[in-house]
Amino acid sequence: MPYFISDQQSDCSGWATVKQESDGGYTTIGCHDTKQGAVDQMVAASIAEDMEPGGEVRAVDLTVPTFIRENAKRGLAYYEEGLGGDGLVPATISAARDMAAGNVSEAKVRKMAPWFARHQVDGQAPSNKDSSDPGYPGAGLVAWLLWGGDGNFSSRTQDWAQRKIDALNAEADSRRIMKKIERRTYTVRNVETRQEDDGKMRLSGYAAVFNDPSVPLPFIETIAPGAFRKTLSETPDVRLLINHEGLPLARTKNDTLRLTEDEVGLRFEAELPDTSEARDLYTLIERGDVDQMSFAFRVIRQKYNPDRTERTLTEVSLADGDVSVVTYPAYPTTKVEARLQLKAAILAIKEGRDISPEAMTLLDGVFSDISEGHEYIMKAVEVMAEFMAVEDEAAVHEDEIEDEMEEEAAIPRSISLRLAKAIVNSTK
């Protein structure tokens, strides 16, 4: 039986390589800290037994029902007799053979329901519904059978496919929710405060901008144009907050907060309530005391360059996220700022004190890939060492950090390893 990978095995805390048993269950043959480790074992075991790797176990059961298998077999029999017409493509025949054998891909299931909806009208043709018709079985009936439909052109197979599509979408939403929430901060561009004739206070600007490289933490990160397109099409429930907390000042659900993607980035327009907090915020932004926005999101798709020093976010989810006006940035905008925050964290670790929220947010960025294993932990440590060695940039702030430089001289470089261990332990 084929080998798969799964993150749902009760006897593994991370990813597991599993073997499918004859009863449809899965037996763990190896536990792994990373998904790639499980994939490597799955591939090796599959090659050793001369079989195709099974891929990832899905929570949604895509076992093909007997009635669909029989329909596909009937369609294949007609096809072998040359009754399929000229419109059939090889992919349809290949998928029908898979269904007849009891297998169907997620991609095929997602195509089935809309295909049946479009072609149900074909069942009205005499050659497709009347067995006494000279043209029976018509090309439309043969195609219908090859897709798993029955000879009566009923909606039974379409209904099965739609139930599976709904379940797959629910599973995808569940996995999306389980992803870690991340936050990014930008200096607001083209922010506007305006009070119109109706007395309403309104804000507008950008909560995120495209192609704006971050400080390396440990990779340089950018957001690609189009990263918000899909999540915005799903009308996510997003709130406008201050510092990612407190009561919402606006919300997409009631249309007091509107989010759009343009060529610059994620644009927001908000109608503020008549509260003291909103009036204070309006005044602070109008005066320029507050000029930074942050947004909370979950990564859906990303890509790295070959040495993983650059990460590009190509799709993010804003579901149950927020856009926030922030009084302090969650991430530093210069290496000097990063250096000072890392030094503060190192001193706190050395002296047994709590790490400040700002420093911990930075460290979370530096160590965001620690679950991928030792290689990424060491890469993060190297980035920390690089920040700690920034002399040229720091020189312009010598009056601010001279005392801290004296403290740094007493900190051994190996303290970064202790800090790495502290961060690793805090995530377990």
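Please read these numbers as outputs of a predicted model, since none were measured by experiment.

Rules behind the numbers
- Residues numbered from 1 in each chain as written.
- Predicted model: local features only at pLDDT ≥ 70, side-chain atom pairs only at ≥ 80, totals over all residues.
- Heavy atoms only, no water.
- Helix = DSSP H or I, 4+ residues; strand = E, 2+ residues; numbered from the N terminus.
- Buried < 20%, exposed > 50% of the residue type's maximum accessible area, 1.4 Å probe, protein only.
- Contact = heavy atoms within 4.5 Å.
- Areas by Shrake-Rupley, 256 points an atom, 1.4 Å probe, with all protein chains shown as cover.
- Pairing = 2+ DSSP bridges.
- Axes fitted to C-alpha atoms, helices over the stretch in contact; angles between N-to-C directions.
- Expected span 1.5 Å × (residues − 1).
- Bend = angle between axes of the 7 residues up to and from the residue.
- pLDDT = per-residue confidence, 0-100.
- Polar contact = N/O pair within 3.5 Å; in protein donor to acceptor, adjacent residues only side chain to side chain.
- Core = buried A, V, L, I, M, F, W, Y, C linked by side-chain atoms within 4.5 Å.
- Salt bridge = Lys/Arg side-chain N within 4 Å of Asp/Glu carboxyl O.

A. Summary view of the overall build of the protein. Assigned secondary structure in the protein consists of 15 helices and 13 strands. For the protein, buried positions account for 44% of its 428 residues. Taking the contacts inside the protein whose residues are at least 6 apart along the sequence as the reference set, 64% of them involve residues at least 24 apart. Surface summary for the protein: the accessible area is close to 22500 Å², and the carbon and sulfur share equals 48%.

B. Structural context of the sheet that holds strand 5 (residues 192–195). Sheet architecture is open: 4 strands sit in the order 5-6-11-10, paired in antiparallel fashion. Here the strands that pair on one side only, and so sit at the sheet edges, are strand 5 and strand 10 (257–261). Averaged over all adjacent pairs, the angle separating strand axes in this sheet is 15°, with direction ignored. Where helix 9 (residues 276–287) meets the sheet, its contacts fall on strand 5, strand 6 (201–209) and strand 11 (265–272), and the angle it forms with strand 6 comes to roughly 65°.

C. Up close: helix 4 (residues 106–119). Between its first and last C-alpha, helix 4 extends 20 Å over 14 residues, near the 20 Å set by a 1.5 Å rise per residue. The largest bend along helix 4 measures about 30° and falls at Met 112, with the proline Pro 114 one to four residues further on. The set of residues buried in helix 4 consists of Lys 108, Val 109, Met 112, Ala 113, Trp 115 and Phe 116.

D. Just unusual backbone geometry, in detail. Between Tyr 136 and the following residue, Pro 137, the backbone shows a cis peptide bond with an omega angle of -5°. Here Pro 137 is to be found in the loop between helix 5 (126–129) and helix 6 (139–146). One non-glycine residue, Thr 235, lies in positive phi territory at about 45°. Non-glycine residue Asn 243 carries a positive phi angle of around 55°. Looking at where Asn 243 falls in the secondary structure, it is placed in the loop between strand 8 (239–242) and strand 9 (245–251).

E. Quick look at the confidence of the model for the protein. Summing up the model confidence of the protein, the mean pLDDT is 78 and the portion of residues at 70 or higher is 73%. Confidence over residues 390–417 falls short of pLDDT 50; this stretch has 31 contacts with residues more than four positions distant or in other chains.

F. Main features of the environment of Thr 17. On the secondary structure map, Thr 17 appears in strand 2 (residues 15–20). With 28 residues separating them along the chain, Thr 17 and Ala 45 place their C-alpha atoms 9.3 Å apart. Among the polar contacts made by the side chain of Thr 17, one reaches the side chain of His 32 at a distance of 3.3 Å.

G. A look at the sheet that holds strand 2. Strand order in the open sheet formed by 3 strands is 1-2-3, with antiparallel pairing between adjacent strands. Strands with a single pairing partner mark the edges of an open sheet, and in this sheet they are strand 1 (3–6) and strand 3 (26–32). In this sheet, neighbouring strand axes are inclined to one another by 30° on average, regardless of whether the strands run parallel or antiparallel. Bridge count for strand 1 against strand 2 is 4 bridges, and the pairing is antiparallel.

H. Molecular detail of the nonpolar core. By size, the foremost hydrophobic cluster in this structure holds 34 residues, and its most contacted members are Phe 228, Leu 240 and Val 323. When residues of this core are traced back to their parent elements, those giving at least two are strand 6, strand 8, strand 9, strand 10, strand 11, helix 9, strand 12 (292–304) and strand 13 (310–326). Among the elements that make up this core, the one with the highest residue count is strand 13 (5 residues). Within the second largest apolar cluster, 30 residues are counted, among which are Ala 100, Leu 146, Trp 147 and Trp 160.

I. The arrangement of the environment of Ala 96 in detail. Checked against the element boundaries, Ala 96 lands in helix 3 (residues 90–100). For Ala 96, a relative accessible area of 0% gives the class buried. Each C-alpha atom, one on Ala 96 and one on Arg 69, is 8.5 Å from the other, the two residues being 27 residues apart in sequence. With near-sequence residues (within four places) excluded, Ala 96 lies in contact with Ala 72, Leu 76 and Leu 146.

J. Seen up close, the pattern of salt bridges. Tallied over the entire structure, the rule returns 15 salt bridges. Taking the shortest distance from any N to any O, the salt bridge between Asp 237 and Arg 239 comes out at 3.5 Å. Salt-bridge contacts for Asp 274 lead to Arg 279; the nearest nitrogen and oxygen are separated by 2.5 Å. Judged by its relative accessible area of 66%, Asp 274 falls in the exposed class. One salt-bridge network, in which partners are shared between bridges, spans Lys 200, Arg 202 and Glu 271.

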